[in-house]
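Secondary and tertiary structure notes
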Amino acid sequence: MLPQVLKKSDLGAWVAAIGAERRVAAPVLKETSPADPSDQKFGWEYITDPADVRLDYTLTVLGPKKFLWPPRQALVAYSLAGDPKPQPLIDHEPQVLFGVHPCDITAIATLDAAFGKDVPDPHYLSRRADTAVIGLDCAKPCDETSFCLDMGSLYPETGYDAMLTPLEDGYFVETKTELGQALVEAAKVRPATKQDMQARQAFAEAKRSQFHFKLPCEVKYLPEVLNASYDSLVWEAIARRCFSCGSCNTTCPTCYCWDAYEDVAMDLAKGCHVRRYDSCQLDPFAEVAGGENFRKNRSSRLRHRMFRKGKYILERTGRTGCVGCGRCDRACIAAISIRETFIQIAGSR
């Protein structure tokens with residue numbers, strides 16, 4: 001499909017049309033500061049009213065990952081009375097993630113690669129197959145913690161079905177997949193004119209002027225830089241500030257480690273095998289039977305996370321393990337910055 005243009009006044013009708021067929025998750029306003037009305041907090045939620053969709057959002061504490069990879073998920077139900085009769089629990093509805101920024105699109109593509117590699121995860125992949133992603137391009141960095149240009153997430157090539165580029169009174173709409181095309185057909189759009197194309201080009205040129213490289217090396221060299229820093233004293237110095245709270249992991253759009261437990265009914269007649277987010281920054285994460293802990297020290301746990309983000313996930317999946325969104329920096333109460341850590345280890349070689 002050739003590019004189309006959607007008026008801002010027709011956005012709600014399009015969201016409503018999509019919502020008639022699928023659940024819609026989108027950024028919504030969560031809080032406005034009484035002292036400063038311009039200080040607004042946004043979050044990702046399932047919506048029932050198209051008017052709640054806020055495509056003018058900047059930051060969200062959590063990204064749309066939770067709709068594909070929930071914080072808590074029942075995997076298998078079983079009986080405890082005789083034959084266990086295990087039943088896989090793959091239960092979800094078709095959904096649309098509406099207004100996803102490029103960094104989160106890139107993160108979703110990383111999760112796709114991680115959960116699809118070696119032993120494919122049917123719970124994630126079935127939910128992902130029933131999920132459409134409508135992207136929303138960024139005109140400028142979300143804030144000073146963002147370094148998406150460095151991490152290659154500013155211009156995603158995959159992971160979305162349609163992309164919206166903000167124009168003065170509408171959105172420039174481009175489709176990537178047949179599903180995206182089908183969704184756009186439900187919108188009141190018109191073919192893009194020469195003036196629309198020029199406006200789209202002007203947006204791209206303005207965008208390029210707003211984003212700047214912040215790391216001292218190209219991201220392709222980051223695995224080697226990390227390798228060379230494995231025994232650096234930098235890790236111990238930074239870890240002295242770390243509380244090992246795991247906030248960095250829980251807000252990260254590409255972290256996918258999980259723990260599992262048994263949720264047994266009060267009558268002891270049945271139960272569920274449940275998984276939940278885990279964090280490599282928590283002390284018990286690397287503990288094994290017998291009490292041995294292979295990453296007992298905070299410095300080794302912090303180093304492991306930085307290696308995961310800059311090296312291990314990339315080597316395992318071929319996709320970046322950090323998208324430069326800055327969520328972990330903003331969540332860290334000890335003010336530990338992954339970007340500044342990368343800069344520090346690159347400068348210490």
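Remember, predicted model here, so these are calculated numbers, not experimental data.

Turning next to the overall build of the chain. A tally of regular secondary structure across the chain gives 11 helices and 12 strands. Across its three principal directions, the C-alpha atoms of the chain cover 70 × 60 × 45 Å. Per-residue burial over the chain gives 46% buried out of 349 residues. In the chain, of all internal contacts separated by at least 6 residues, the share reaching a separation of at least 24 is 72%.

To continue, consider the sheet that holds strand E11 (residues 258–264). Taken together, four strands build an open sheet; the order of strands is E5-E4-E12-E11 and the sheet is antiparallel. Looking at which strands have only one partner, the edges of the open sheet turn out to be strand E5 (87–88) and E11. As judged from the seven bridges shared by E11 and strand E12 (residues 270–277), these two strands associate in the antiparallel manner. Bridging across to E12, Asp263 finds its partner in Cys272.

As a further point, take the sheet that holds strand E3 (residues 40–46). Spatially, eight strands are ordered E3-E2-E6-E7-E8-E9-E1-E10 in an open sheet, and the strand pairing comes out mixed. Two strands close off the open sheet at either side, each with one partner strand: E3 and strand E10 (189–191). Each strand axis lies, on average, 30° off the axis of its neighbour in the sheet, ignoring direction. Two strands pair when backbone bridges link them, and strand E8 (residues 162–166) and strand E9 (residues 170–175) are joined in this way by five bridges, in the antiparallel orientation. Considered in E9, the bridge of Ala162 is made with Thr175.

Relative orientation of the contacting elements helix H9 (residues 298–317) and helix H11 (residues 338–347) amounts to 90°, with a least axis distance of 11 Å. By the criterion of interaxial angle, the relationship of H9 to H11 is roughly perpendicular. On H11, the residues touching Arg305, Met306, Lys309 and Gly310 of H9 are Ile338, Thr341 and Phe342. Its residues assigned to classes, the contact of H9 with H11 comprises three nonpolar, two polar and two charged.

Reading the values: the criteria
- Residues numbered from 1 in each chain as written.
- Predicted model: local features only at pLDDT ≥ 70, side-chain atom pairs only at ≥ 80, totals over all residues.
- Heavy atoms only, no water.
- Helix = DSSP H or I, 4+ residues; strand = E, 2+ residues; numbered from the N terminus.
- Buried < 20%, exposed > 50% of the residue type's maximum accessible area, 1.4 Å probe, protein only.
- Contact = heavy atoms within 4.5 Å.
- Pairing = 2+ DSSP bridges.
- Axes fitted to C-alpha atoms, helices over the stretch in contact; angles between N-to-C directions.
- Parallel < 35°, antiparallel > 145°, perpendicular 65-115°, else oblique.
- Nonpolar A, V, L, I, M, F, W, Y, C, P; charged D, E, K, R; others polar.

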